[in-house]
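# What the coordinates show
What follows is the residue order along each chain.
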Amino acid sequence: RRRAAPWPWVAPGPAAVARLLSEAGRDGAPETPLGVRTGLTAAALDLLLRDERLGIRAGSRVYSPEVVAQVVDEIAAELARAHARDPLSDGLAAATLPAQVRAAPELVDRALVQLVAAERVERRGALVALAGWQPRLSAADEAFRDSLLSELERSGAEPPAIEELGQRHGRDPVPVLRLLEREGKVIAVEPGRFYAAKAVDGLLDRLRGGMTPGREYSPSELREVLGVSRKYLIPFLEYCDRTRHTERRATGRVWRASAA
């Protein structure tokens with residue numbers, strides 16, 4: 001007895017598709033020209049590609065399963081290296097992966113879908129990480145973390161800038177500050193300055209208690225309410241606008257009723 005063919009169509013259709021995808025490598029093959037070159041109608045090619053053992057769609061191109069499997073493994077390996085390089089990070093920016101593994105963005109996205117489905121990788125907003133990954137602090141990192149948090153809490157409404165913290169401690173504070181931010185203990189009020197969360201809560205309480213709903217307040221009036229210098233006042237008020245605690249109008253700011 002003759003063995004059943006593995007595909008519903010005889011060669012050269014499926015065999016030609018597999019050969020062309022293998023030759024295309026990481027460039028993949030545009031789907032429409034692929035059908036023309038293999039002598040398959042669009043409907044026949046669509047039916048074949050429903051079985052991902054032959055080819056995998058990613059964006060407007062089709063890739064061989066072997067190429068996708070390679071990219072899957074390379075992404076996992078790159079994430080492992082990234083975690084080793086930066087043990088304080090919550091993950092690697094997904095946008096950097098195409099350059100890291102030298103693959104098209106749509107191919108990387110398709111590989112990530114496969115990794116997430118297999119529970120090998122987790123998406124964390126714009127970041128990706130190996131499943132179960134958690135930042136790891138050494139004893140020195142723990143001490144640095146506690147020192148930074150203590151300093152920011154002591155400085156209250158007028159905390160030092162990132163550059164000042166770095167000079168004072170002799171190391172880049174940003175990775176640890178980002179970790180504290182994820183823990184909800186500090187807040188990036190402006191790009192170069194973090195506040196202790198307790199200090200932000202205190203300042204918001206002052207605004208809430210010092211602003212009559214519906215009335216517009218000038219920056220000088222709010223400076224009196226908050227008791228901070230202009231260097232800190234304007235960035236903090238802009239933070240309040242972004243977080244919708246206040247609303248900036250033509251002649252001043254008002255406290256938003258929904259923030260009460």
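Note that the coordinates shown come from a computational prediction; the quantities given were computed from them, not determined experimentally. (Residues numbered from 1 in each chain as written. Predicted model: local features only at pLDDT ≥ 70, side-chain atom pairs only at ≥ 80, totals over all residues. Heavy atoms only, no water.)

Before going further, it helps to examine the overall build of the chain. The secondary structure content of the chain amounts to twelve helices and ten strands. Relative to the compact-globule value of 18 Å for 260 residues, the chain shows a C-alpha radius of gyration of 28 Å, a clear excess of over 25%. With respect to the three principal axes, the spread of C-alpha positions in the chain is 90 × 50 × 30 Å. When contacts within the chain are restricted to residue pairs at least 6 apart in sequence, those whose partners lie at least 24 apart make up 58%. (Helix = DSSP H or I, 4+ residues; strand = E, 2+ residues; numbered from the N terminus. Rg over C-alpha atoms; globule rule 2.2 N^0.38 Å. Contact = heavy atoms within 4.5 Å.)

As a further point, take the environment of P65. Tracing the backbone shows P65 in helix α4 (residues 65-85). It is 26 Å that separates the C-alpha atoms of P65 and R124, two residues lying 59 residues apart in sequence. Ignoring anything within four residues of it in the chain, the contact list for P65 reads E52, R53, L54, G55 and I56.

We now examine the sheet that holds strand β4 (residues 92-93). Reading across from one edge, β4-β6-β5 is the order of the three strands in this open sheet, with antiparallel pairing throughout. The outermost strands of the open sheet, each flanked by one partner alone, are β4 and β5 (121-124). As paired elements, β4 and strand β6 (residues 127-130) share two bridges and run antiparallel to each other. Each bridged residue has a counterpart across the sheet, and for A93 the counterpart in β6 is L127. Running over the sheet, helix α6 (residues 105-117) touches β5 and β6 and is turned about 115 degrees from β5. (Pairing = 2+ DSSP bridges. Axes fitted to C-alpha atoms, helices over the stretch in contact; angles between N-to-C directions.)

Moving on, we come to the sheet that holds strand β3 (residues 61-63). Strands sit in the order β1-β3-β2 across an open sheet of three strands; the sheet is antiparallel. Every other strand in the sheet has two partners, leaving β1 (29-30) and β2 (56-58) as the edge strands with one partner each. Bridging between β2 and β3 involves three bridges; their strand directions are antiparallel. Paired with A58 across the bridge in β3 is R61.

One finds V71, I75, L97, L107, V108, L112 and V128 to be the most contacted residues of the largest nonpolar core, which totals 22 residues. If you list the elements that add at least two residues to this core, you get β2, α4, α5 (97-101) and α6. Among the elements that take part in this core, α4 stands out by supplying seven residues, more than any other. The next biggest cluster of nonpolar side chains, apart from the first, holds 19 residues, and it includes V200, L203, L222 and L237. (Core = buried A, V, L, I, M, F, W, Y, C linked by side-chain atoms within 4.5 Å. Buried < 20%, exposed > 50% of the residue type's maximum accessible area, 1.4 Å probe, protein only.)

On to α6, then. Helix length check: α6, at 13 residues, gives a terminal C-alpha distance of 18 Å against a target of 18 Å (1.5 Å per residue), a fit within 8%. Listed as buried for α6 are L107, V108, R110, A111, L112 and L115. The inward-facing, buried residues of α6 contact β2, β3, α4, α5, β5 and β6. Just past α6, the residue E119 takes up positive phi, approximately 60 degrees. (Expected span 1.5 Å × (residues − 1).)

This part is about the packing of aromatic side chains. According to the stated counting rule, one finds two aromatic pairs in the structure shown. Taking 6.2 Å as the distance between ring centres and 35 degrees as the angle between the ring planes, the aromatic pair formed by Y195 and F236 counts as tilted. One end of the pair, Y195, is in strand β8 (residues 193-196); the other, F236, is in helix α12 (residues 230-242), with 41 residues separating them in the sequence. Among the residues examined, Y195 registers a relative accessible area of 0% and is labelled buried. Note on F236: relative accessible area 2%, which makes it buried. (Phe/Tyr/Trp six-rings, centres within 6.5 Å; stacked < 30°, edge-to-face > 60°.)

Of note in the backbone geometry, E119 takes a positive phi value of approximately 60 degrees without being a glycine. Along the chain, E119 turns up in the loop between α6 and β5. For E119, a relative accessible area of 66% translates into the label exposed. Located in the positive-phi region is R244, a residue other than glycine, with phi close to 65 degrees. If you trace the backbone, R244 turns up in the loop between α12 and β9 (246-248).

Summed over all chains, the structure comprises 21 salt bridges. Two residues, R120 and D73, come together in a salt bridge whose shortest N-O distance is 3.7 Å. Highlighted residues: R120 in the loop between α6 and β5 and D73 in helix α4, separated in sequence by 47 residues. R120 sits in the partly exposed class, given a relative accessible area of 37%. Notably, a salt bridge pairs R193 with E190, separated by 3.2 Å at the nearest N-O pair. Exposure class is identical for R193 and E190. Each is buried. (Salt bridge = Lys/Arg side-chain N within 4 Å of Asp/Glu carboxyl O.)

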